[in-house]
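# Structural characterization, general
Spelled out from the first residue to the last, the chains are:
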Amino acid sequence: MKVYLIIIFIFFSTSLFSYENVMALKSGIGVAQSTIHAFDSSEDHMTGTGFNTQFGYRFTNWEVNLTSYIYWGKIDDLRFEANNTSIIGSGVFSNVSFGPIAKYIFDFQPLQGWNLYLGGGYAYSLQTVKLKEFQSSNGSFNSNYKLNYISRGPTAAIGIEELLPFKEMHAVYIELLYSNQISKRVSVVDTTDFAEVKTITTEESRQKIRGSFFMLNAGITLF
């Protein structure tokens, strides 16, 4: 009887706590380097900071995650157009991306005890531009307004993750993520009253705002 109990215990322990065939939540911080191509061929290079979360299911060599990447930084002398108004200025750019990513974990270990993985997926983003110093073509854009862009595009990742037998040992990962985002819609939002944010206009982007984003992330398996 004791032998059967030991076998059952080992089976359920492996099912529940092995770092294979389980769900896991990961989170970490990162730094981003972005090239933003805005209206009328204006361009800026932004360095930002942020964090990421990954929630998904781990198979033996595959992992499927729903991911989120959030980062922000300063932009200078970019030109935008919305609501028949041309705006040029400097301020804060933030990006919030969500989307699925599938990863393949190789048996190859570039460092002892660390497995290499490659990943790919698609991201949907809300990009916000809050200008601190600006000029507008007709004066209808004021300091309480911000621009919201709905964007989307592919993502790719390469990284290494600590090889541990159980997720409760909190494996660490380091990855380089690349995403190319193209805007589809732009909204002008009035933030005068933070309790009741108003959307002034929403329209298709006349000229697509495009961003190429590299993000170096480091994180840990939480549970």
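Residues numbered from 1 in each chain as written. Predicted model: local features only at pLDDT ≥ 70, side-chain atom pairs only at ≥ 80, totals over all residues. Heavy atoms only, no water.

What follows concerns the packing of aromatic side chains. A full pass over the atoms with the stated rule returns 11 aromatic pairs. Summarising the aromatic geometry, the rings of Phe93 and Phe213 are spaced 6.3 Å apart at their centres and angled 20° between planes, so their arrangement reads as stacked. Placement of Phe93 in strand S4 (residues 85–105) and of Phe213 in strand S9 (residues 210–221) is noted, with a sequence separation of 120 residues between them. In this structure Phe93 comes out as buried when scored by relative accessible area, which is 4%. Between Tyr178 and Phe214, the ring centres sit 4.8 Å apart and the planes meet at 45°, which makes this aromatic pair tilted. Placement of the pair is Tyr178 in strand S7 (residues 172–190) and Phe214 in strand S9, with a sequence separation of 36 residues. Phe214 sits in the partly exposed class, given a relative accessible area of 42%. (Phe/Tyr/Trp six-rings, centres within 6.5 Å; stacked < 30°, edge-to-face > 60°. Helix = DSSP H or I, 4+ residues; strand = E, 2+ residues; numbered from the N terminus. Buried < 20%, exposed > 50% of the residue type's maximum accessible area, 1.4 Å probe, protein only.)

Let's shift gears to the pattern of salt bridges. Throughout the structure, instances matching the rule amount to 6 salt bridges. With its nearest N and O atoms 3.9 Å apart, the salt bridge here joins Glu161 to Arg58. Here the residue Glu161 occupies a position in strand S6 (residues 145–162), and Arg58 occupies one in strand S2 (residues 43–58), the gap between them amounting to 103 residues. The same class applies to Glu161 as to Arg58, namely buried. Across the pair Lys103 and Glu175 runs a salt bridge whose closest N-O atoms are separated by 3.7 Å. On the criterion of sequence distance, the pair formed by Lys103 in strand S4 and Glu175 in strand S7 is long-range, its members being 72 residues apart. Exposure class is identical for Lys103 and Glu175. Each is buried. (Salt bridge = Lys/Arg side-chain N within 4 Å of Asp/Glu carboxyl O.)

When the pLDDT values of the protein chain are averaged, the result is 87; 91% of them are 70 or greater. By mean pLDDT, helix H1 (residues 2–17) is the weakest element of the protein chain at 40, and S6 is the strongest at 95. Segment residues 1–18: pLDDT under 50, and 10 contacts once partners within four positions in sequence are set aside and those in other chains are kept. (pLDDT = per-residue confidence, 0-100. Contact = heavy atoms within 4.5 Å.)

Let us now look at unusual backbone geometry. Phi at Asp40 takes a positive value of approximately 60°, unusual for a residue other than glycine. With respect to the element layout, Asp40 can be found in the loop between strand S1 (22–37) and S2. Of note in the backbone geometry, Asn84 takes a positive phi value of approximately 60° without being a glycine. Tracing the backbone shows Asn84 in the loop between strand S3 (62–82) and S4.

What follows concerns the nonpolar core. Ile75, Phe80, Val129 and Leu147 are the most contacted members of the largest nonpolar core, which has 26 residues in total. Breaking this core down by element, the ones donating at least two residues are S1, S3, S4, strand S5 (114–136), S6, S7 and S9. Broken down by element, the residue count for this core peaks at 6 residues, all from S3. Once residues within four sequence positions are removed from consideration, Ile75 is found in contact with Ile36, Asp44, Met46, Phe80, Ser90, Gly91, Val92, Phe93 and Val129. (Core = buried A, V, L, I, M, F, W, Y, C linked by side-chain atoms within 4.5 Å.)

Within the secondary structure, Leu116 sits in strand S5. Placed 43 residues apart in sequence, Leu116 and Gly159 show a C-alpha to C-alpha distance of 5.9 Å.

This next bit is on the side chain of Ser187. Assignment of secondary structure puts Ser187 in strand S7. The class of Ser187 is buried, set by a relative accessible area of 13%. In this structure the side chain of Ser187 is engaged in a polar contact, spanning 2.9 Å, whose partner is the side chain of Thr202. With sequence-adjacent residues up to four places away left out, Ser187 is seen in contact with Lys146, Leu147, Asn148, Thr199, Thr201 and Thr202. (Polar contact = N/O pair within 3.5 Å; in protein donor to acceptor, adjacent residues only side chain to side chain.)

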